[in-house]
2 protein chains.
Amino acid sequence: MTDPATLRETVRDTVRDTVRGAGRSSGRGAETRERILDAALESFGTIGYDGTSLDDLASGLGIRKQTILYHYVSKRGLLGAVVDRCAADLNTALLEVLEGEATDWERVEALVRSVFRVALEQPLLMGLLREVSRPGSPAAPRLKGAMGPLMERAQAWMEREMDAGRMRRTDAQLVLISAYSTVVGLATEVEVLRAAGLEPTMRTVATRRRELLRFLRASLDPQR
Amino acid sequence: MTDPATLRETVRDTVRDTVRGAGRSSGRGAETRERILDAALESFGTIGYDGTSLDDLASGLGIRKQTILYHYVSKRGLLGAVVDRCAADLNTALLEVLEGEATDWERVEALVRSVFRVALEQPLLMGLLREVSRPGSPAAPRLKGAMGPLMERAQAWMEREMDAGRMRRTDAQLVLISAYSTVVGLATEVEVLRAAGLEPTMRTVATRRRELLRFLRASLDPQR
DNA sequence: GCCTCTTTCTACCAGATGGTCAGGGGACTT
DNA sequence: AAGTCCCCTGACCATCTGGTAGAAAGAGGC
């Protein structure tokens with residue numbers, strides 16, 4: 001867990017930034033960087049971080065492993081970059097709602113719909129979340145760092161709503177985590193369905209969403 | 001995915017049985033076998049199959065890797081044995097209820113409580129399920145084989161109930177899979193809670209269970 | 001004492017993995 | 001034409017991986 005090699009690697013990855021030459025993002029290599037990121041997301045999200053080899057990743061892209069290591073300093077650096085981009089995607093989707101004009105319960109509903117939309121459009125992203133939100137995952141702290149501020153913001157908003165009496169008083173963090181794990185669980189569910197030979201339909205997803213909303217309403221609605 | 005090496009390994013593991021000398025279970029090595037199984041469950045369920053090295057596993061037990069390979073023919077054989085034991089645990093817990101005297105809705109409730117009890121007593125088991133129920137996992141077919149009969153039995157029972165009008169007519173398999181993924185998702189949730197610095201309490205689990213029961217009632221209750 | 005079976009160990013191996021180092025080539029500047 | 005910067009690669013390496021071969025040690029039957 002904390003053998004010297006891992007520790008050293010962690011320190012290095014933290015000191016230098018993940019991406020070589022962060023700051024400039026244009027240039028010929030930008031496209032390569034994106035392609036690597038896409039492939040890495042797919043691989044990490046399905047066969048997992050440990051199951052992904054840089055050689056396979058590279059040969060799938062028609063490049064050499066060293067090219068990956070050139071753009072992203074190390075394998076963990078690559079994972080970090082993937083997590084960062086996914087967190088950014090989720091952040092923009094959620095911020096769009098948080099800065100929209102919906103209020104009260106409508107806002108909650110909009111948030112849930114927004115997350116489910118992302119989950120449907122980018123199922124790989126959910127797979128990555130599932131992979132990363134595992135104890136001892138190398139990227140768990142990074143995910144926390146990338147999503148934490150938004151979570152805190154959502155929590156603060158909920159607590160303001162509670163203070164104003166527009167939401168029932170409960171543990172905001174607990175509700176958020178429940179909602180989060182429901183969405184990630186949805187990804188698992190879809191995979192199990194596929195393994196059982198059933199192609200998941202819109203109906204299963206809609207049912208899940210309805211259930212989550214019902215749960216949230218039961219937890220948050222002041223009348224009840 | 002189906003490279004020759006993997007294929008060969010799969011065939012061998014399937015032909016010989018997983019455990020060397022299955023049939024006799026007594027002897028001096030029985031205790032060692034159990035200890036290996038315990039440690040393997042813990043490791044597979046937390047850091048995952050790929051993340052587990054036989055050397056680490058062995059040194060954690062104060063034995064040599066070759067001892068593990070003596071008792072369980074290969075790493076995949078070990079995974080298979082772990083999955084089998086967990087499936088057996090779940091099976092006995094569920095069979096106890098299925099052969100009990102509870103009927104109708106009470107039986108559904110008893111099943112859910114039974115599964116949650118197992119999940120609480122052996123959280124590692126849920127971690128393993130989560131690890132294994134991933135597309136492309138080497139043990140996915142084995143889990144299916146070990147749990148499949150019970151699932152089919154549950155499904156058949158539900159369909160009989162539907163025919164008799166004691167349950168609302170829906171897709172039994174879909175309901176079962178939803179319930180399954182909720183329980184496995186619970187494991188994720190507990191881990192995320194821990195990562196967020198909150199020790200999961202009985203309350204969070206109870207809430208989840210109540211939610212699942214509500215979902216099942218909504219899906220199955222004939223009045224509504 | 002001898003034989004057999006079980007269990008565990010030491011020694012070793014081929015392959016894969018993440019990572020380093022030095023260099024080549026293109027584009028753009030001066 | 002020379003220098004410089006960015007992008008990419010071939011050759012190489014230390015380490016770790018799951019797995020094999022063979023022997024030592026003990027227990028028990030004859």
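Along each chain, the written sequence defines residue order, and numbers are assigned to residues from 1. Following the order in which they are written, the chains are lettered starting with A and the ligands numbered starting with 1. For this predicted model, a pLDDT threshold of at least 70 governs which residues receive local features, and a threshold of 80 or more governs which side-chain atom pairs are given and counted, while totals over whole chains, interfaces and linings are taken from all residues. Note that water and hydrogens are dropped before the side-chain values are worked out from all heavy atoms of the structure.

Let's talk about the overall build of chain A
The helix and strand inventory of chain A stands at ten helices and zero strands. Counting from the N terminus, the helices are DSSP H or I runs at least four residues long and the strands are E runs at least two residues long. Along chain A, from the amino end to the carboxyl end, the secondary structure elements read α-α-α-α-α-α-α-α-α-α. Pairs at least 24 residues apart make up 70% of the contacts formed inside chain A by residues separated by at least 6 positions. Summing over all exposed atoms, chain A offers an accessible surface of approximately 11,500 Å²; the carbon and sulfur share of this is 53%. Contacts between residues were defined by any pair of non-hydrogen atoms, one from each residue, lying within 4.5 Å. For accessible areas, the Shrake-Rupley method is used with a probe of radius 1.4 Å. Any residue's cover is judged against the shown protein chains and nothing else.

Points about the layout of surface pockets
Roughly 1,100 Å³ of volume is contained in the second largest pocket. Points on a 1 Å grid, built from protein atoms alone, make a cavity when a 1.4 Å probe fits but cannot get out and make a pocket when they are open with protein on both sides within 12 Å along at least 5 of 7 lines; residues with an atom within 4 Å of a point are the lining residues. Lining the second largest pocket are 44 residues; nearest its centre among them are Met147, Met151, Leu176, Ile177 and Tyr180 of chain B. Listing elements by their share of the lining of the second largest pocket, those giving two or more residues are helix H9 (172-195) of chain A together with helix H5 (75-98), helix H6 (104-121), helix H7 (123-132), helix H8 (140-163), helix H9 (172-195) and helix H10 (202-220) of chain B. With twelve residues, H8 of chain B is the largest single contributor of residues to the lining of the second largest pocket. When residue character is reported, Ala, Val, Leu, Ile, Met, Phe, Trp, Tyr, Cys and Pro are called nonpolar, Asp, Glu, Lys and Arg charged, and the others, Gly included, polar. Residues belonging to the lining of the second largest pocket are distributed by class as follows: 34 nonpolar, five polar and five charged. Grid points are joined across faces, edges and corners, and a volume is the space filled by probe spheres set on the points.

Here's the deal with the relation of the copies chain A and chain B
The atoms used to superpose the copies are C-alpha atoms, taken from residues with pLDDT of at least 70 in both, and the fit is least squares. The two copies are related by a screw motion: chain A maps onto chain B through a turn of 179 degrees and a shift of 0.0 Å along the axis, at an RMSD of 0.2 Å. This pairing of chains is accounted for by a two-fold axis. For chain A, the residue whose C-alpha comes nearest the rotation axis is Gly185 of chain A, separated from it by 2.5 Å. Both copies contact each other with a shared surface, as 97% of the interface residues of chain A are interface residues in chain B too.

Some details on helix H6 (residues 104-121) of chain A
All names here are of chain A. Taking 1.5 Å of rise per residue, the 18 residues of H6 would be expected to cover 26 Å, and the 26 Å separating its terminal C-alpha atoms lies within 8% of that figure. Along H6, the positions that sit buried rather than exposed are Trp105, Arg107, Val108, Leu111, Val112, Ser114, Val115, Phe116, Val118 and Ala119. Summarising the contacts, the buried residues of H6 are in contact with helix H5 (75-98), helix H7 (123-132), helix H8 (140-163), H9 and helix H10 (202-220). In this analysis, the expected span of each helix is defined as 1.5 Å times one less than the number of residues it contains. Accessibility here uses a 1.4 Å probe with only protein chains present; expressed as a share of the type maximum, an area under 20% marks a residue as buried, one over 50% as exposed, and anything in between as partly exposed.

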